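One letter stands for each residue in the lines below.
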Amino acid sequence: MLDLPQLITRYEPESGKIIGAPSVTRRLSDLRGCFADTKAFEAALAADNPVLYRVGAVEPGVGAGDLHYGVGLLMPGRIGNEYYMTKGHLHSWRDAAEIYFGLTGEGVMLLEDEASGESRMVPLLPNQAVYVPGHTAHRTMNTGTTPLTYIGVYPAKAGHDYAAIAQKNFRCVVIERNGRPTLVERTQLT
Ligand code: S6P
Ligand code: ZN
């Protein structure tokens, strides 16, 4: 069925919304357990509970060939020297890959292969796309001073599995060191 509202939407990176579609807003308190510096996290939360990010998503179909997509807005900031980030997830259907398209701002994605734990930090920048393979946990960080916005396109069957990350977090963290985003093994943090 070629219904126009299903064919075309208007997305607003500046608000993290897609007109007429649901959105999810995550505040600092929703990220409990994500940041390595728990003291800095609790201190920041005691002072304020800011919005860290918002994601609007269009998720129309459920068929094997259907696609979903979302627009993300991630604010700049840090907890200790760790950048504001998304919760991060694996796809429930592990084979599901995803493509991120950078729109504005400066960010990185932390990718971690589920089986081997191999980790990589890749830039998420305007006019660049990041291919996230299946079986890869992914988390986004704003490493700049302005809002980071992006679009993600993923199979309708992908789903989100947050439980694995909530249990053991990512193996690596991305911290600001000498003014630059730096990938460090969590066990090597001092
Ligand atoms: C969905 C896609 C993104 C994230 C968004 C927020 O598969 O990867 O739209 O949902 O970046 O991240 P998270 O980890 O809170 O879902
Ligand atoms: Zn995803």
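Residues numbered from 1 in each chain as written. Chains lettered and ligands numbered in written order. Predicted model: local features only at pLDDT ≥ 70, side-chain atom pairs only at ≥ 80, totals over all residues. Heavy atoms only, no water.

It is worth spelling out the site of ligand 1 at this point. Around ligand 1, a shell composed of 14 residues is seen, among which Tyr 53, Glu 98, Tyr 100, Tyr 150 and Tyr 162 lie nearest. Between ligand 1 and Glu 98 there is a distance of 2.9 Å, counted from an oxygen atom to a side-chain nitrogen or oxygen. Take Tyr 150: an N or O atom from its side chain is 2.6 Å from an oxygen atom of ligand 1. Burial of ligand 1 by the surrounding chains reaches 97%, relative to a free accessible area of 390 Å². (Near = heavy atom within 4 Å. Polar contact = N/O pair within 3.5 Å; in protein donor to acceptor, adjacent residues only side chain to side chain. Areas by Shrake-Rupley, 256 points an atom, 1.4 Å probe, with all protein chains shown as cover.)

Right, let's talk about the pairing of strand β12 (residues 136–142) for a bit. For a regular strand, the rule is simple: side chains alternate between the two faces of the sheet. Within β12, seven of the seven residues are buried, leaving the element largely enclosed by the surrounding structure. Residue alternation in β12 divides its side chains into two sets, Thr 136, His 138, Thr 140 and Asn 142 and Ala 137, Arg 139 and Met 141, and both sets are buried. The pairing of strand β9 (residues 107–113) with β12 spans seven bridges and is classified as antiparallel. Paired with Glu 112 across the bridge in β12 is Ala 137. (Buried < 20%, exposed > 50% of the residue type's maximum accessible area, 1.4 Å probe, protein only. Helix = DSSP H or I, 4+ residues; strand = E, 2+ residues; numbered from the N terminus. Pairing = 2+ DSSP bridges.)

It is worth spelling out the packing of aromatic side chains at this point. Under the definition given, this model contains two aromatic pairs. Judged by centre distance (6.2 Å) and plane angle (25 degrees), the ring pair of Phe 35 and Phe 41 falls under stacked. The same class applies to Phe 35 as to Phe 41, namely buried. In this structure, Lys 87 is placed above the aromatic ring of Tyr 162, and the distance from its NZ or CZ to the ring centre is 5.7 Å. Between Lys 157 and the ring centre of Trp 93, over which it is positioned, the NZ or CZ distance is 4.0 Å. (Phe/Tyr/Trp six-rings, centres within 6.5 Å; stacked < 30°, edge-to-face > 60°. Lys NZ or Arg CZ within 6 Å of the ring centre and 35° of its normal.)

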